[in-house]
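# Tertiary structure, described
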Amino acid sequence: MLPSSTSEKSSKPSPPQASFGFRCIGCGSVTNTAAQDFRCSECGNLLEITDSSWNSRNPTALKTLWRERRSLNASLDLSGVWRFRELLPGPASEDSVVTLREGNTPLYELPQSSRRIGIPRLYAKHQGMNPTGSFKDTGMTVAATFARQAGYRWVACASTGNTSASMAAYAARGGMRSLVLVPEGKISWSKLSQALDYGALTCQLRTDFDGCLRLLQELVRQAPVYQLNSINPFRLEGQKTLALELLEQLDWQPPDHIIVPGGNLGNSSAIGKALLEMLDLGLIPSLPKLSVIQAEGANALVRTLREGGGKRLVSVQAETRATAIRIGNPASWEKAVKVLQATGGACEQVSELEIAQAKAEIGAEGIGCEPASAVTLAGLKKLLQQGFVKPEETVVLVLTGNLLKDPDFTMGFHRGDLFQGTADERESARLNPFRHPPVVLDASLAAVIKTLEQAEESNPQQSNA
Ligand code: F0G
């Protein structure tokens, strides 16, 4: 029998007292509390967090305050999420915040890709530089804070790997226990090992991500376990700060395009929510177009828009080597459709070969990312061809996960066996110029010098410039 909370009380954990409320994205009704499935009790649609105090702030004063905090050493100011706390749901006290100094991620230029595809103003916002190596940390600090504040002893998630790594870390920091449900054999070892190291109870289920999420929904109805999937609206509030931090890095000049990978569609929803709130508040003069890119084999949103007119979800049996976004039944599809429509963004899909090539190109920039993040560059090339993105426009790609998250993919690509035995095997030969396989040599100076000379001869164009 699970105790219901960290306290001795036998009652269910009580919701925090706060100024924010939960608004249904379907019928618009607002309540002070949310059920464990974070769905509207009237119409069953997903909830989002709203707070009337957000709108009454002075945008110029906020910009100054946020910038000043960058030179301060208080725990909340060191977090790239809580630095923007005026636009987040407020925790009970500053001491109750569970933080690993998340956010504060770099905005990089991509000079080689810029030149290759002909977009001079191309940037990557690298969320893989967060404490556990993915964007999930920005949401997890907020959701874990509210889980602990509500007195939960157990938190849980279904995951393709990154959510579980992040949740396990924040639960550990917050003194909570964590339950991870992941599809067996379908997540990278690197992510799985993080969950183990941070002390999660890790269950590898013989199903896919969608099966794990279904089971979690049933579990939270029966056990006092707090769910930390992106259905949890506190997660999305934290993930909003990606947009705030990005705009601050761009001196509040909105880019023309922000391009994100789409899986369960929480992140695109969060970024879109932030952009709309920033416009409302007067922090930015206009909206960037927010576009979502999916893998061809996990293209539920693409099909939902093309075949369902954005009105009904078209689920798919997901299959892609970009395992982070191997999701066929995205929970936040309606939120994502709304923000795509509100910002005028596009939704595209890219092939496995296009993902592999884009990942190698981002690696060759010296920053790298995991496969799911690389869909952004692959997608940009398509949007450029279609004329949706214009060469003179400013484009920001959101890189969601660190290169080290999926070393098997990277090794397979460079060794040349990633597509072995698949329908893409023959065509994958065209990616050979992007491969940098390791060379095994006798330990002799002559052998190394010869290899060096051969490398120079075979690729005299490659330079550090
Ligand atoms: N990129 C990476 C690296 C991810 O891990 C995920 C999702 C996404 C993109 C897609 O984001 O779901 O908000 O649309 N990973 C989840 C997980 C599902 O369990 O780690 P989304």
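Up top you'll find the structure we're talking about.
In this report, the structure presented in the accompanying data block is examined. Each chain has its residues counted from 1, following the order in which its sequence is written. Totals for whole chains, interfaces and linings use all residues, but because this is a predicted model, local features are given only for residues with pLDDT of at least 70 and pairs of side-chain atoms are given and counted only at 80 or more. Hydrogens and water are ignored here; the side-chain numbers use all heavy atoms of the structure.

### Structural notes on the sheet that holds strand β3 (residues 47–50)
Under the convention used in this document: Between any two strands, at least two bridges found by DSSP are needed for them to pair. Helix and strand assignments follow DSSP, with helices taken as H or I runs no shorter than four residues and strands as E runs no shorter than two, numbered in order from the N terminus.
Spatial ordering of the open sheet is given by β2-β1-β3, a layout of 3 strands whose pairing is antiparallel. Each having just a single partner strand, β2 (30–31) and β3 make up the two edges of the open sheet. In the sheet, strand β1 (residues 21–24) pairs with β3 via 4 bridges, with the strands oriented antiparallel. Bridge pairing in β3 links cysteine 24 to leucine 47.

### A look at the site of the ligand
As a reminder of what qualifies: The cutoff for a nearby residue is simple: one of its non-hydrogen atoms must lie within 4 Å of the molecule or strand. Whenever two N or O atoms come within 3.5 Å, that pair is a polar contact, provided that in protein one can donate a hydrogen and the other can accept it, and provided that, for residues adjacent in sequence, both atoms are side-chain atoms. The accessible surface values rely on the Shrake-Rupley method and a 1.4 Å probe; as for residues, cover is taken only from the protein chains in view. Grid spacing is 1 Å over the protein atoms alone, the probe is 1.4 Å, and a cavity is where that probe fits but cannot get out, while a pocket is an open set with protein on both sides within 12 Å along at least five of seven lines and lining residues have an atom within 4 Å of a point. If over half the atoms of a molecule are within 2 Å of the grid points of a cavity or pocket, the molecule is regarded as sitting in it.
Near the ligand, the surroundings consist of 20 residues, among which Ser159, Thr160, Asn264, Leu265 and Thr400 are the closest. In the model, a nitrogen atom of the ligand is placed 2.9 Å from a nitrogen or oxygen of the lysine 136 side chain. At a separation of 2.8 Å, an oxygen atom of the ligand approaches a polar side-chain atom of asparagine 162. Surface burial for the ligand is 99%, taken as the share of its 470 Å² of free accessible area covered by protein chains. Among the detected pockets, the ligand sits in the largest cavity. Only α5 (162–173) and α10 (266–281) provide two or more residues apiece to the shell around the ligand.

### Observations concerning empty space enclosed by the protein
Empty space among the atoms becomes visible once a probe the size of a water molecule is rolled across them. Rules: Grid points are joined across faces, edges and corners, and a volume is the space filled by probe spheres set on the points. For this scheme, ten residues count as nonpolar: Ala, Val, Leu, Ile, Met, Phe, Trp, Tyr, Cys and Pro. Four count as charged, namely Asp, Glu, Lys and Arg, and the remainder, Gly too, count as polar.
Here the structure, examined in full by the defined rule, presents 2 cavities of 30 Å³ or more. Considered as a void within the structure, the largest cavity measures approximately 300 Å³ in volume. Looking at the largest cavity, it is lined by 27 residues, and the ones nearest its centre are Phe135, Lys136, Gly263, Asn264 and Ala324. At the level of elements, α5, α8 (233–239) and α10 are the ones that each hand at least two residues to the lining of the largest cavity. By residue class, the composition of the lining of the largest cavity is 9 nonpolar, 15 polar and 3 charged. Of the voids in this model, the second largest cavity is the one considered here, and its volume is about 40 Å³. Taken together, Gly80, Val81, Gly103, Asn104, Thr105, Lys125, Gln127, Thr138, Thr241, Leu242 and Glu245 make up the lining of the second largest cavity. Here the lining of the second largest cavity gets 3 residues from one element, more than from any other, and that element is helix α9 (residues 241–249). Here the lining of the second largest cavity is built from residues that sort into 2 nonpolar, 7 polar and 2 charged.

### Focus: the packing of aromatic side chains
The following threshold applies: Between rings of Phe, Tyr and Trp, where Trp is taken as its six-membered ring, a pair exists when centres lie within 6.5 Å; planes separated by under 30 degrees are stacked, by over 60 edge-to-face, and by other angles tilted. The classification of residues rests on relative accessible area computed with a 1.4 Å probe and restricted to protein chains. Under 20% of the type maximum is buried, over 50% is exposed, and intermediate values are partly exposed. In this scheme, Lys NZ or Arg CZ marks a charge over a ring once it lies within 6 Å of the ring centre and within 35 degrees of the ring normal.
A full pass over the atoms with the stated rule returns 9 aromatic pairs. With a centroid separation of 5.6 Å and an interplanar angle of 85°, the aromatic rings of phenylalanine 20 and phenylalanine 146 are classed as edge-to-face. With phenylalanine 20 in the segment before β1 and phenylalanine 146 in helix α4 (residues 136–149), the pair connects residues that are 126 residues apart, well separated along the chain. Exposure class is identical for phenylalanine 20 and phenylalanine 146. Each is buried. Arranged with centres 5.0 Å apart and planes meeting at 70°, the rings of tryptophan 66 and phenylalanine 84 form a pair that is edge-to-face. Highlighted residues: tryptophan 66 in helix α1 (residues 59–69) and phenylalanine 84 in the loop between α2 (75–78) and β4 (107–109), separated in sequence by 18 residues. Above the ring of tryptophan 54, the side-chain terminus of lysine 240 is found at 3.8 Å from the ring centroid.

### Digging into unusual backbone geometry
Even without a glycine there, the phi angle at phenylalanine 38 is positive, about 55°. Relative to the helices and strands, phenylalanine 38 is located in the loop between β2 and β3.

### Comments concerning the packing of helix α13 (residues 352–363) against helix α14 (residues 371–385)
Packed helices, taken two at a time, are described by the angle between their axes plus the distance between the axes. Where we set the bar: Simply put, an axis is a line fit to the C-alpha atoms, just over the touching stretch for a helix, and the angle between two N-to-C directions goes from 0 to 180 degrees. Any angle from 65 to 115 degrees is called roughly perpendicular, while one under 35 is roughly parallel, one over 145 is roughly antiparallel, and all others are oblique. Every residue pair with non-hydrogen atoms within 4.5 Å of one another is taken to be in contact.
In contact at an axis separation of 7 Å, α13 and α14 are set at 100° when each is read in the N-to-C sense. Taken as axis vectors, α13 and α14 run roughly perpendicular relative to one another. Between α13 and α14, the residues in contact are Glu354, Ile355, Gln357, Ala358, Lys359, Glu361 and Ile362 and Pro371, Ala374, Val375, Leu377, Ala378, Lys381 and Lys382, respectively. Considered class by class, the residues forming the contact of α13 with α14 number 8 nonpolar, 1 polar and 5 charged.

### Quick look at the pattern of salt bridges
Heads up, the condition is: Salt bridge, as used here: a side-chain nitrogen of Lys or Arg that lies within 4 Å of a carboxyl oxygen of Asp or Glu.
Inspection of the entire model under this criterion finds 22 salt bridges. For glutamate 354, the salt bridge identified is with lysine 382, shortest N-O distance 3.7 Å. Within this pair, whereas glutamate 354 is found in helix α13, its partner lysine 382 is found in helix α14, the two being separated by 28 residues in sequence. Owing to a relative accessible area of 26%, glutamate 354 belongs among the partly exposed residues under this scheme. Classification of lysine 382 by relative accessible area gives buried; the value is 18%. Because the salt bridges share partners, they merge into one network encompassing Arg69, Asp77, Arg85 and Glu86.

### Examining the pairing of strand β6 (residues 154–158)
Most of β6 is tucked away, with 5 of its 5 residues classed as buried. Burial along β6 is two-sided: Trp154, Ala156 and Ala158 and Val155 and Cys157, pointing in opposite directions, are all buried. Pairing between β6 and strand β7 (residues 177–183): 5 bridges, direction parallel. Looking at β7, one finds that alanine 156 is bridged to leucine 179.

### Quick word on the packing of α9 against α10
Two numbers describe how α9 lies on α10: the axes approach to 7 Å, and their chain directions differ by 55°. Of the possible angle classes, the one that applies to α9 and α10 is oblique. Between α9 and α10, the residues in contact are Leu242, Ala243, Leu244 and Leu247 and Ile271, Ala274, Leu275 and Met278, respectively. Partitioning the contact of α9 with α10 into residue classes produces 8 nonpolar, no polar and no charged.

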